[in-house]
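# Architecture and fold: a report
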Amino acid sequence: MRTPLHTATLLAAALALAACRTVPAPAPAPPAVPPAAGVPADDNLNAVLWMQRSMEYRAIAESVFRAAGERLDAALADPAWDALVPAERAAAGDAASLPPAIILDIDETALDNSAYQARLVVDGTEFADPAWDAWVGERKAIAVPGAVELTRAAAAKGITVFYVSNRSAGLTAATLENLRSAGLPVQHDGVFLGLGMQVPGCEQKGSGKTCRRQLVGRGHRVLMQFGDQLGDFAQPAANTAEQHAALHAEHRAWFGERWWVLPNPSYGSWEAAAFGGDWSLPRSERRARKREALRTDR
Ligand SMILES: [Mg+2]
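Values in this document were obtained by computation on a predicted structure and should not be read as measured data. The residue numbers shown here count from 1 along each chain, following its written sequence. Owing to the predicted nature of the model, reporting of local features is limited to residues with pLDDT of at least 70; listing and counting of side-chain atom pairs is limited to 80 or more, with chain, interface and lining totals taken over all residues. Excluding hydrogens and water, the side-chain figures rest on all heavy atoms present in the structure.

## Things to note about the overall build of the protein
Defined as follows: Strands are runs of DSSP state E lasting at least two residues, helices are runs of H or I lasting at least four, and both sets are numbered from the N terminus onward. Accessibility here uses a 1.4 Å probe with only protein chains present; expressed as a share of the type maximum, an area under 20% marks a residue as buried, one over 50% as exposed, and anything in between as partly exposed. For the area figures, the Shrake-Rupley method with a 1.4 Å probe applies, and any residue is considered shielded solely by the protein chains shown.
Scanning the protein from terminus to terminus reveals twelve helices and seven strands. Residues classed as buried in the protein amount to 41% of the 298 residues present. Roughly 16500 Å² of accessible area belongs to the protein as shown, and the carbon and sulfur atoms make up 59% of that amount.

Take a look at the structure:
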């Protein structure tokens, strides 16, 4: 309810206001430089901020892992359930009688390296191996939301949790220690399959994970795979938007069933696909190519 104001009260208030207006406080001088002007633009600011601070990111990651966990029993019960693409499974051998495993990528799938990404934004720099290796050596990455619950639940069901990662094999000790300190199961020292690992009888091209997946598949039925990039699940024929789309279309039914994707808007092969994978291009040229790849008509 409104309180009626007395006429005299209104008059007094009007006079007081008028008095104030006659003696205005000096307006503060506008700042010579707007506060934002000194902050350099960075293509990754929003992406990293979203991953670190938004509850939307957290909720999505938790949803992915929770949904996967709810399918584990069905996967265990079905001897035909396997998450390697047919060519990789054929090369690895029949899976039906093998013990169960799941495969996780590490970076932005099991472990959250957004603090490293944030340093790049703050420092205005880009990914470089020495700084990355130093960050890994700090062993300070935290778990991606939901990853601990899923992997521990899997381990409790007798499922071996493998980590197939493009962290170099030289970072094994720091990586295993960080996985453990983040709460992720490390059931034996062989569960980390890093970049550079040689797999007998399999010739690996570049940083692809095909041979390492096959190695896991030789000894295990792979119930599920988790990753933030398509290459964590199967090898695209080329790192182009067209081949990414082809791989997605071919295995679409497996996403949300055998393959589980974590969101990562801060980096990935999708980005390099926009500029032909040519990291030698100047940053400004790569940015221009990415702008050209935007769709503005649909
Ligand atoms: Mg990753």
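Now that the structure has been shown, the text picks up again.
## Thoughts on the packing of helix α2 (residues 45–53) against helix α5 (residues 114–123)
Convention followed: For helices, the fitted axis covers only the stretch in contact; all axes are lines through C-alpha atoms, and the angles between them, taken along N-to-C directions, range from 0 to 180 degrees. Angle categories are assigned with fixed cut-offs, so that under 35 degrees is roughly parallel, over 145 is roughly antiparallel, 65 to 115 is roughly perpendicular, and the rest are oblique. Crossing handedness is read from the near helix: turned anticlockwise from the far helix by less than a right angle, it gives a left-handed crossing, and turned clockwise, a right-handed one. Contacts are assigned to residue pairs with any non-hydrogen atoms lying within 4.5 Å of each other. Ten residue types, Ala, Val, Leu, Ile, Met, Phe, Trp, Tyr, Cys and Pro, are classed as nonpolar, four, Asp, Glu, Lys and Arg, as charged, and the remainder, Gly among them, as polar.
Running from amino to carboxyl end, α2 crosses α5 at an angle of 150°, the nearest separation of the two axes being 10 Å. With respect to α5, the axis of α2 lies roughly antiparallel. In this structure, α2 meets α5 at a crossing whose hand is left-handed. Taken together, the residues of α5 that come into contact with α2 (itself represented by Leu45, Val48 and Gln52) are Ser114, Ala115, Gln117, Ala118 and Val121. Within the contact of α2 with α5, the residues separate by chemical class into five nonpolar, three polar and no charged.

## A short note on the coordination of the magnesium ion
Just so we agree on the cut-off: As a rule, N, O and S atoms within 2.8 Å of a metal are its donors, except that Na, K and Ca use 3.2 Å; water is not among the atoms, so sites may look incomplete.
Here the magnesium ion is held by Asp105 (OD), Asp107 (O) and Asp228 (OD), and the distances to it run 2.0 to 2.2 Å. For the magnesium ion, the single-chain donor residues occur in sequence as D-x1-D-x120-D. Both residues of the pair, Asp105 and Asp107, belong to the buried class.

## Description of α2
Basically, it comes down to this: Read the arc as the range of directions from the helix axis to the C-beta atoms.
Among the residues of α2, Ala47, Val48 and Met51 are the ones counted as buried. Projected down its long axis, α2 carries its buried residues within an arc of 90°, all on one side. Set apart from the buried face of α2 by more than 90 degrees, the exposed residues are Asn46 and Arg53. Where α2 is buried, its residues meet α3 (55–77) and α5.

## Observations regarding the sheet that holds strand β1 (residues 100–104)
Rule in force here: By definition, two strands form a pair when at least two bridges between them are found by DSSP.
If you walk across this open sheet you meet the five strands as β5-β4-β1-β6-β7, and the pairing is parallel. The open sheet has two free edges, formed respectively by β5 (192–195) and β7 (259–261), since each of these has just one partner strand. Strand-to-strand twist in this sheet, taken as the mean axis angle between neighbours without regard to direction, amounts to 20°. With five bridges joining them, β1 and strand β6 (residues 221–227) adopt parallel strand pairing. Residue Pro100 lies in a different strand from β6, and its bridge partner there is Arg221.

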